Amino acid sequence: MTPVEPSACVAPPPDLPVRPAAELHGVGVRYGAVWALQNVTATFPRGASGLLGANGAGKSTMIKALLGLVVPDRGAMTVLGASVGDAPVVARARVGYMPEVDAHIPGMNAVSCVAYCAELAGLPRADAMQRAHEVLYYVGLGDARYRMVDTYSTGMRQRIKLAQALVHDPDLLLLDEPTNGMDPKGRSDMLELIRDISHRKELDLIVASHLLPDVDYTCDHVVVLDRGRVAAQGPIAGLKAHGRRVFELRVKGDPDASGRFIETLRSAGTECHMTDDAMRVFMPEALSTRMLFELASQQGLQIRHLRPSVPTLEDVFADAIGGE
Amino acid sequence: MPIHDQGYRRYGGDRRPRRIWWVIARTGIGARIGERRCLALLLLAWAPFAVRAVQIYIGTNFSQAAFLGPTAETFREFLLQQQLFVLFVTIYVGAGLIANDRRAHALQVYLSKPLTRLDYVAGKLVILLVFLTAITWIPAVLLVLLQVMFSGSTAFVRDNLFLLPAITAFCAVQALVSAFAMLALSSLSRSQRFAAVLYAGVVLATRNVLESVAAGAFRVPTPSISAPAFLTVAALIAVSMSILWRQVRSVDVVT
């Protein structure tokens, strides 16, 4: 087996345009009478992209459609420049997939399981075994690689799912809820691994998650899905900036008045949504903070806390799906 | 240094995404052969072969026991006797082939690789076919060869030219129908026990069909009509293929 430096296999020649990792054009996927994806047009550029959405938003369906496992009722998709509809097997040869559910080949130890997955992806037997050992060390399962996968804990199973997705050295990794069911330490390790893969090993990846901090930490670009539609997409930094100031606000007074206050703020041209213990108010540059005090006073409320804040991915998400 | 810094490298070697079905078959066969219970079952399934070999030896070498000499009927009986072992081996090897994968959600792993549903089913099918051939066609053909060796003449084979094609045809039909039916039932459930019970039920219900096929293949005069039996076999295989096509997918769609 010939190891290759990352730059040798990823960087395109300077005169060629950089193709996106994946593109969807007007994709619709229907399960019976329910449209899981509706007219989705999205671009996942090279690098690390997040696919954000609440449960049932269509994230897993989109991932499976990109793999060719779900055939769209309409629209077209490309993965690394290859049409998924025309040649799904060709597309899958360059893609690694980490499923959301606990999935493994039964009745095998970890190294056999991962080597088998490499062989299924076309690697020769000897190379597959060598890659399996390397990848299991990489994901932190080196010491447990001869244990039966059926005896693994949830965290270890997440890692072996990542290992089987990585073992054939894909150009694009699709990770569906990669930190599902992991304890805080395991989650932190997994996020470090994902960040390492995308930022130091130069693999493209798409992380589908409903956990905003996970996407914020690992990705540079995001597509927000809401009930099967694209609610927002773009570079995370750009979406966060958005040309507005953000303030964190706490008020004291009648809860009904608080509701009316939020409505008043929205009608005054700001965007506003509640977090656990405070309001986050997005104000256009033209509006001043004095207006906040005036509107609160009109509703009989006192502003007890007003602090400039930094836009977060949570703000982008809440903004995209309607402030809820 | 975190342990995960120790080793991910890009792969620059060869990729041959061809004959993936053989990777699946080879791995499945190897896993079963590594099990002592499977080896014991295979050994037991070869016991009738040993008995028949002794019968052929005695029948061809001792004139007093010429009545033990083989006829075409001997081979038909041998293959019908093997049906019991075909049932056991099919259940032991085949019941979990897809059911276990469904239980572990392994289909999502398989089908995310550069292989098709056809590759997957073909791989699983070959596992069963290899084991079934190993306890039917191979011992039956070996018995024919033993007859030639013990008698020192090919007269028996020349007199029964239809024998080898009949053995091959019957074993092929038996292996195909058993393998397809078992795989289809295995794909219907996440429990291999459930699949095994279903298969045993199907075998009981269609017991006469293979006997009729054997009678047709070995030219035995019988009141049974082979044509409906062959049609039944064809229908069983078609239904099994249809079930497999519906069930072997990475996404369970509830509509």
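Residues numbered from 1 in each chain as written. Chains lettered and ligands numbered in written order. Predicted model: local features only at pLDDT ≥ 70, side-chain atom pairs only at ≥ 80, totals over all residues.

1. Notes on the overall build of chain B
And step 1. Along the backbone of chain B there are 12 helices and one strand.
And step 2. Counting from the amino terminus, helix and strand elements in chain B follow one another as β-α-α-α-α-α-α-α-α-α-α-α-α.
And step 3. C-alpha extents for chain B along the principal axes are approximately 85 × 45 × 30 Å.
And step 4. The proportion of buried residues among the 255 residues of chain B is 41%.
And step 5. Within chain B, counting contacts between residues at least 6 apart in sequence, those at least 24 apart form 80% of the total. (Helix = DSSP H or I, 4+ residues; strand = E, 2+ residues; numbered from the N terminus. Buried ≥ 20, exposed ≤ 12 C-beta atoms within 10 Å, placed from the backbone. Contact = placed C-beta atoms within 7 Å.)

2. Brief notes about the overall build of chain A
And step 1. Of regular secondary structure, chain A possesses 12 helices and 15 strands.
And step 2. Taken along its principal axes, the extent of the C-alpha atoms in chain A is 75 × 45 × 40 Å.
And step 3. Each of the 324 residues in chain A was classed as buried or not, and the buried ones make up 47%.

3. Re the packing of helix α4 (residues 72-103) of chain B against helix α11 (residues 207-217) of chain B
Residue and element names in this part refer to chain B.
And step 1. Running from amino to carboxyl end, α4 crosses α11 at an angle of 160°, the nearest separation of the two axes being 11 Å. Judged on the interaxial angle alone, α11 and α4 are roughly antiparallel. Crossing geometry of α4 relative to α11 is assigned as right-handed. Contact residues: Arg76, Leu79, Leu80 and Gln83 in α4; Leu210, Glu211 and Ala214 in α11.
And step 2. Here the residues of the contact of α4 with α11 sort into four nonpolar, one polar and two charged. (Axes fitted to C-alpha atoms, helices over the stretch in contact; angles between N-to-C directions. Parallel < 35°, antiparallel > 145°, perpendicular 65-115°, else oblique. Left-handed = near helix turned anticlockwise from the far one by under 90°. Nonpolar A, V, L, I, M, F, W, Y, C, P; charged D, E, K, R; others polar.)

4. Description of the packing of helix α1 (residues 20-33) of chain B against helix α6 (residues 117-135) of chain B
A pair of packed helices is captured by two measures, namely the crossing angle of their axes and the spacing between those axes.
All names here are of chain B.
And step 1. Closest axis-to-axis distance for the α1/α6 pair is 7 Å, and the angle between their directions is 40°. Compared by their axis directions, α1 and α6 come out oblique. In this structure, α1 meets α6 at a crossing whose hand is right-handed. Residue-level inspection shows Ile20, Trp21, Ile24, Ala25, Gly28 and Ile29 of α1 in contact with α6, the latter providing Asp119, Tyr120, Ala122, Gly123, Lys124, Val126, Ile127 and Val130.
And step 2. For the contact of α1 with α6, the residue count by class is 10 nonpolar, two polar and two charged.

5. Description of the interface of chain B and chain A
And step 1. Taken together, the contacts link 37 residues of chain B with 46 residues of chain A.
And step 2. Only β1 (10-11), α1, α4 and α5 (106-111) of chain B provide two or more residues apiece to the side of chain B that touches chain A.
And step 3. It is α5 of chain B that contributes the most residues to the side of chain B that touches chain A, five residues altogether.
And step 4. Residues belonging to the side of chain B that touches chain A are distributed by class as follows: 16 nonpolar, 13 polar and eight charged.

6. A closer look at the sheet that holds strand β12 (residues 244-252) of chain A
All names here are of chain A.
And step 1. Taken in spatial order, the four strands line up as β13-β14-β12-β15 in an open sheet, and their pairing is antiparallel. The open sheet has two edge strands with one neighbour each: β13 (271-274) and β15 (302-309). This sheet shows a mean twist of 25° between the axes of neighbouring strands, independent of strand direction.
And step 2. Pairing geometry for β13 and strand β14 (residues 279-284), over four bridges, is antiparallel. By the bridge assignment, His273 is partnered in β14 with Arg280.
And step 3. Of the strands in this sheet, β12, β14 and β15 are in contact with helix α11 (residues 290-298), which crosses β15 at around 155°. (Pairing = 2+ DSSP bridges.)

7. Quick word on helix α7 (residues 137-151) of chain B
Residues and elements named next belong to chain B.
And step 1. For α7, spanning 15 residues, the distance from its first C-alpha to its last is 21 Å, which sits close to the expected 21 Å at 1.5 Å a residue.
And step 2. Among the residues of α7, those classed as buried are Trp137, Pro139, Ala140, Leu143 and Gln147.
And step 3. For α7, the secondary structure elements touched by its buried residues are α3 (47-61), α4, α6, α8 (155-159) and α9 (163-187).
And step 4. Gly152, located one to two residues past α7, shows a positive phi value of around 70°. (Expected span 1.5 Å × (residues − 1).)

8. Quick look at the pairing of strand β10 (residues 221-226) of chain A
All names here are of chain A.
And step 1. β10 sits mainly inside the fold: five of its six residues count as buried.
And step 2. In terms of strand pairing, β10 meets strand β11 (residues 229-235) through six bridges, oriented antiparallel. Residue pairing for β11: Leu225 is matched across the bridge by Val230.
And step 3. If you look at the hairpin formed by β10 and β11, you'll find two residues sitting between the two strands, and Arg227 has a positive phi there, around 50°.

9. Observations regarding the nonpolar core
And step 1. Counting 155 residues, the largest nonpolar core has Val114 and Leu174 of chain A together with Leu183 of chain B as the members making the most contacts within it.
And step 2. The element best represented in this core is α9 of chain B, accounting for 15 residues.
And step 3. A domain-level breakdown of this core finds at least three residues from each of domain 1 (6-234) and domain 2 (242-320) of chain A.
And step 4. When near neighbours in sequence (up to four residues on either side) are disregarded, Val114 of chain A contacts Ala132, Val135, Leu136, Ile160, Ala163, Gln164 and Val167 of chain A.
And step 5. Core analysis: the second largest hydrophobic core is formed by 13 residues, Leu249, Phe261, Ile262 and Met279 of chain A among them. (Core = buried A, V, L, I, M, F, W, Y, C linked by C-beta atoms within 7 Å. Domains from an automatic or database assignment.)

10. Looking at the sheet that holds strand β2 (residues 22-31) of chain A
Residue and element names in this part refer to chain A.
And step 1. Ordered in space as β3-β2-β5-β6, the four strands form an open sheet in which the pairing is antiparallel. In this open sheet, the two edge strands, each paired with only one partner strand, are β3 (34-44) and β6 (82-83).
And step 2. Pairing between β2 and strand β5 (residues 74-79): five bridges, direction antiparallel. Bridging from a neighbouring strand, Glu23 pairs with Thr78 of β5.
And step 3. Along the sheet, helix α2 (residues 59-67) makes contact with β2, β3 and β5, crossing β3 at roughly 65°.

11. Considerations on the domain arrangement of chain A
Residue and element names in this part refer to chain A.
And step 1. As far as domains go, chain A holds domain 1 (6-234) and domain 2 (242-320).
And step 2. Of note, the centres of domain 1 and domain 2, computed from C-alpha atoms alone, are 38 Å apart.
And step 3. Contributions of two or more residues to the side of domain 1 that touches domain 2 are made by α8 (212-218), β10 and β11.

12. Section: unusual backbone geometry
And step 1. For Leu80 of chain A, which is not a glycine, the phi torsion comes out positive at approximately 50°.
And step 2. Within the element layout of this structure, Leu80 of chain A appears in the loop between β5 and β6.

13. A few points about α9 of chain B
Spacing of three or four residues puts side chains on the same side of an α-helix, whose turn is 3.6 residues.
And step 1. An ideal rise of 1.5 Å per residue puts 36 Å on 25 residues; α9 of chain B measures up with 36 Å between its terminal C-alpha atoms.
And step 2. Most of α9 of chain B sits inside the fold, with 19 of its 25 residues counted as buried.

14. A closer look at the confidence of the model for chain B
And step 1. Residue-level pLDDT values for chain B average 88, and 92% of them are 70 or greater.
And step 2. Here the predicted complex scores 0.84 on pTM and 0.87 on ipTM. (pLDDT = per-residue confidence, 0-100.)

15. Describing the pairing of strand β7 (residues 95-98) of chain A
Residues and elements named next belong to chain A.
And step 1. The alternating pattern of β7 places Val95 and Tyr97 and Gly96 and Met98 on opposite faces, both of which are buried.
And step 2. Both β7 and strand β8 (residues 172-176) contribute to a ladder of four bridges, which runs parallel. By the bridge assignment for β8, Met98 is matched with Leu175.

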